[in-house]
Amino acid sequence: MTVKEIFDSMDYGPAPESAGDALAWIVDQGAKFGHFINGSFTKATDDFQSRNPANGETLATLSQASQEDVNAAVTAARKAQAKWEKLGGHGRAKYLYAISRLLQKHARLFAVLETLDNGKPIRESRDIDIPLAQRHFYYHAGMAQLMDSELPDRVALGVCGQIIPWNFPLLMLAWKIAPALAMGNTVVLKPAEYTSLTALLFADICRQAGLPDGVVNIVTGDGAVGEMITAHEDINKIAFTGSTDVGRKIREATAGSGKSLTLELGGKSPYVVFDDADIDSAIEGLVDAIWFNQGQVCCAGSRLLVQEGIAEKFHSKLKARMDGLRLGNPLDKCIDVGAVVDPVQLQTITDMVNTNSEGETYHAAVEMPVEGCFYPPTLITGLAPSSTLMQEEIFGPVLVSTTFRTPDEAVALANNTRYGLAASLWTENVNLALDIAPKLVAGVVWVNATNLFDAAAGFGGKRESGFGREGGWEGLAAYTKPRKATKALAPIAGFKGDKGPSDPLDRTPKLYIGGKQARPDGGYSRPIYGKSGNLLGQAPIANRKDIRNAVEAAQAAKGWAGTTGHLRAQILYYIAENLSARAEEFASRVNALTNARNGAREVEASIQRLFSAAAWADKYDGQVHNVPIRGVALAMREPTGVIGALCPDDAPLLGLVSVMAPAIAMGNRVILAASEPFPLAATDFYQVLDTSDVPAGVVNILTGPHSELASTFASHLDVDAVWSFSSTNLSAEIERGSAGNLKRTWVNNGQTLDWFEDNSRALLEASTEIKNIWVPYGE
Ligand code: NDP
């Protein structure tokens, strides 16, 4: 072709990147790999192959880790951990900095190897995956440096087991390893079976950086290796990215083990286009939203919601743009869409599209490569919100679309999913954008943009997209724990008795649901005695129906989340005022119940907790993250939602108030199961709430056996979080039960929390989740 002809046609010529250096590196390693344990590679056992999905060629053979390999990796990590942590923030920062530098020096080798192994276009691995991986190590070198001064009360968790998927192999590794190492942990990481090569190259980088042996260990193999890591008793934390199904299994497998857990799971993220959007930009955004990495992105904008008036025009422009996408050799720098990761994934995508009989399916009119795992960019229009393909993650280059009429309908459709990972919204009206963004159930919202990531802005989901954040200050909590040691919490029993009440005038405590006193549905109560065996009162026994009613009331009170911090503070102060007015009565009630003399202290500390929560209500702010775009990422703290809490048994009034106050200060609604042995402090307390202008449903109080209430809380699909501070250790049951809708849990694992200390910071953190709203500037 002559230059003149090229100018006439404006066709792209081929611009292939050489695979030479990457293939040579593989050959240098013998084209076979063992595991990286305790600073060196084990002997390769040739168990499975890693192939290039673009042409099916075998790149290398890899080893399937045995239980002994996993044990050896965990032992090495354990042995290295204390010394690594003692190195101090600055000591660790130097290693993280060295790793970032080495990633930079070998950037092209990593990019080409990633593209060969995964099939993603070289433009993406070169310009996105590898630079972002470097950025994570630089950013967390900074976090290591700052840990001693900024997080003096936090320490490392210990050994972290990390399991990552195949869609961003090196980037996911960086997201997991960088913060873990920065905070003084050591790691055992398993890459996905399809894409282990850049993790093994990274192991080599660790050696080159002189990282102490055992700090990073990499074991390869399939899901069985992931299961071994998950089940290993000497691992303190599991960090997982992958499918919701496996995430759920991991939640169940780790239940009650005391392991920390973060899950970054699937999504079906809405891409909302309003009729005043810059349509060409929104179309170009879609290319990045759903054809980036062949749509194999957890936060892919895979669900297009377009306002009815512009839908036809939008779809026809979109189809024209799709026809212009270039598919082919991912090493070609002119390629837009590369290969799907493996024939298995290609089959899954093909089957999902072929079994759909609804709407209209449009495959882009593009030239398809003759070999390799390629799937054409696809658009399916006219689907109902409930259609399978509108609800299920396809994880391929397939966009589904429906229309909406009003902003309210857009929000309802966007949130009509079990997921809540990300969302994009497109409008030229800043008022509309900033009104809609907070209403979307998502951990990340991009305004007039999509798929923006940075180490400084936390990433993670809501609902069944998992919990925990990766990146930013918010991501660090997941790799640290409080410095203060805890003690075992012994079960606390109430007193037995057979005497009547000291005052014959009956008082009938009830449950408190939706702002009203309610008799227990089951019609049962149990006697509560003081130490000398005299009857103090009858406590109602709540059952699952009462919990259901309380959840309904709490859900109906969702307007509380939208009230101002100032208003919530006013109400918390008012509760404190009313409690103070009855201080003596509450103090003697607590003393009678517990046979201790802590009553007055409990009341005084409860008033202080109410003041603390009121103080924080308008001060526990989000942040504006300094991300490297012309724009900002607004890290907004949002309430977790409806929280079911089993309150402490040891401090019946103070424990309940300490749990309630920060939660409602942040806009949550709570269902509190009062202290099981000493419930009557709580039934008196609802009278205080009644006189303090607390809106109906914001606080609900139940009494009854914690072991029975716990499982209903954990399995209820409209409860967003369950906390347990009960002296009955219900941690395993709650964590296992929570796997259903992957609700957030905070359980005590049978350990104490000192309620006479102000734990407000920890409670505020558990009461909120961060949503990052990215707002680019400029025309
Ligand atoms: P998986 O969730 O199966 O795999 C993710 C990681 O977990 C891999 O390293 C995998 O090993 C490992 N694993 C598999 N089973 C277990 C287990 N029981 N215990 C511990 N670890 C385990 O995702 P896939 O890669 O198989 O993809 C399936 C679907 O998941 C995709 O089609 C997509 O819908 C979704 N997905 C979502 C991702 C996200 O980022 N949200 C990323 C990847 C997939 P190995 O792969 O080696 O078998």
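Everything numeric in this text was worked out from a predicted model, so none of it was measured.

Participant: In this structure, what is going on with the site of the ligand? I would like to understand it.
Facilitator: Surrounding the ligand, one finds 27 residues, the nearest of these being Ile-164, Trp-166, Lys-190, Glu-193 and Ser-243. Gly-221 is positioned such that a nitrogen or oxygen atom in its backbone is 3.3 Å from an oxygen atom of the ligand. Interatomic distance of 2.6 Å between a side-chain N/O atom of Ser-243 and an oxygen atom of the ligand. The protein chains hide 85% of the 850 Å² of surface that the ligand would expose on its own. When contributions to the shell around the ligand are tallied by element, the ones reaching two or more residues are helix H9 (223-231), strand E9 (237-241) and helix H10 (244-254). Residue contributions to the shell around the ligand peak at four residues, all from H9. Residue classes in the shell around the ligand are distributed as twelve nonpolar, ten polar and five charged.

Participant: Would you explain a negative patch on the surface in this entry?
Facilitator: On the surface, Asp-275, Asp-276, Asp-278, Glu-428 and Glu-779 cluster together into a negatively charged patch. Topologically, Glu-428 is positioned in the loop between strand E16 (422-426) and helix H16 (430-436). We classify Glu-428 as exposed; its relative accessible area is 54%.

Participant: How should the side chain of Gln-307 be read in this particular structure?
Facilitator: In this fold, Gln-307 is placed in strand E12 (residues 303-307). When residues no more than four places from it in sequence are discounted, the contact partners of Gln-307 are Val-273, Phe-274, Asp-275, Phe-404, Arg-405 and Thr-406.

Participant: So what exactly am I meant to see when it comes to the packing of helix H19 (residues 565-581) against helix H23 (residues 680-690) here?
Facilitator: Geometrically, a packed helix pair is captured by the angle between its two axes and the distance between the axes. At a closest axis distance of 9 Å, the pairing of H19 and H23 adopts a crossing angle of 125°. It follows that H19 is oblique to H23 by the angle criterion. As for the relative orientation of H19 and H23, their crossing is right-handed in sense. Of the residues in H23, those in contact with Ile-575, Asn-578 and Leu-579 of H19 are Phe-685, Val-688 and Leu-689. When the residues that make up the contact of H19 with H23 are grouped by side-chain class, the tally is five nonpolar, one polar and no charged.

Participant: Would you mind showing me how to read the packing of helix H7 (residues 169-182) against helix H8 (residues 197-208) here?
Facilitator: Relative to each other, H7 and H8 sit at 50°, their axes nearing to 8 Å. Taken together, H7 and H8 sit at an angle that is classed as oblique. Seen from above, H7 lies across H8 with right-handed handedness. Residues Pro-169, Leu-170, Leu-173 and Ile-177 of H7 pack against Thr-198, Ala-199 and Phe-202 of H8. Considering only residue class, the contact of H7 with H8 consists of six nonpolar, one polar and no charged.

Participant: Would you mind showing me how to read the pattern of salt bridges here?
Facilitator: Opposite charge on two side chains makes pairing possible when the charged atoms of those side chains draw close. Overall, the coordinates contain 30 salt bridges when judged by the stated rule. A salt bridge links Arg-207 to Asp-204, with the shortest nitrogen-to-oxygen separation between them at 3.1 Å. Of this pair, Arg-207 and Asp-204 both sit in helix H8, three residues apart, which is roughly one turn of the helix. Residue classification places Asp-204 among the buried residues on the basis of a relative accessible area of 13%. Between Asp-435 and Lys-439 there is a salt bridge, and its shortest N-O distance comes to 3.1 Å. In this structure Asp-435 comes out as partly exposed when scored by relative accessible area, which is 37%. Judged by relative accessible area, which is 38%, Lys-439 ranks as partly exposed. One salt-bridge network, in which partners are shared between bridges, spans Asp-245, Arg-248, Glu-392, Arg-418 and Glu-464.

Participant: How should I be thinking about the packing of aromatic side chains in this particular structure?
Facilitator: Working definition: an aromatic ring pair is given by the centre-to-centre distance plus the angle between the planes. On inspection of all chains with the given rule, the structure shows 22 aromatic pairs. When the centroid spacing of 5.7 Å and the interplanar angle of 40° are considered together, the rings of Phe-168 and Phe-292 count as tilted. Of this pair, Phe-168 sits in the loop between strand E6 (159-163) and H7 while Phe-292 sits in the loop between helix H11 (279-290) and E12; the two residues are 124 residues apart in sequence, bridging distant segments of the chain. For the pair Phe-168 and Phe-292, one class covers both residues: buried. Put simply, the rings of Trp-175, Trp-446, Phe-453 and Phe-459 pair up and form one aromatic cluster. Between Lys-319 and the ring centre of Tyr-362, over which it is positioned, the NZ or CZ distance is 5.3 Å.

The rules behind the values
Residues numbered from 1 in each chain as written. Predicted model: local features only at pLDDT ≥ 70, side-chain atom pairs only at ≥ 80, totals over all residues. Heavy atoms only, no water. Near = heavy atom within 4 Å. Polar contact = N/O pair within 3.5 Å; in protein donor to acceptor, adjacent residues only side chain to side chain. Areas by Shrake-Rupley, 256 points an atom, 1.4 Å probe, with all protein chains shown as cover. Helix = DSSP H or I, 4+ residues; strand = E, 2+ residues; numbered from the N terminus. Nonpolar A, V, L, I, M, F, W, Y, C, P; charged D, E, K, R; others polar. Patch = residues over 30% accessible without salt bridge, like charges linked within 9 Å, V, L, I, M, F, W, Y side chains within 5 Å. Salt bridge = Lys/Arg side-chain N within 4 Å of Asp/Glu carboxyl O. Lys, Arg positive; Asp, Glu negative; His and termini not counted. Charge placed at Lys NZ, Arg CZ, Asp CG, Glu CD. Buried < 20%, exposed > 50% of the residue type's maximum accessible area, 1.4 Å probe, protein only. Contact = heavy atoms within 4.5 Å. Axes fitted to C-alpha atoms, helices over the stretch in contact; angles between N-to-C directions. Parallel < 35°, antiparallel > 145°, perpendicular 65-115°, else oblique. Left-handed = near helix turned anticlockwise from the far one by under 90°. Phe/Tyr/Trp six-rings, centres within 6.5 Å; stacked < 30°, edge-to-face > 60°. Lys NZ or Arg CZ within 6 Å of the ring centre and 35° of its normal.

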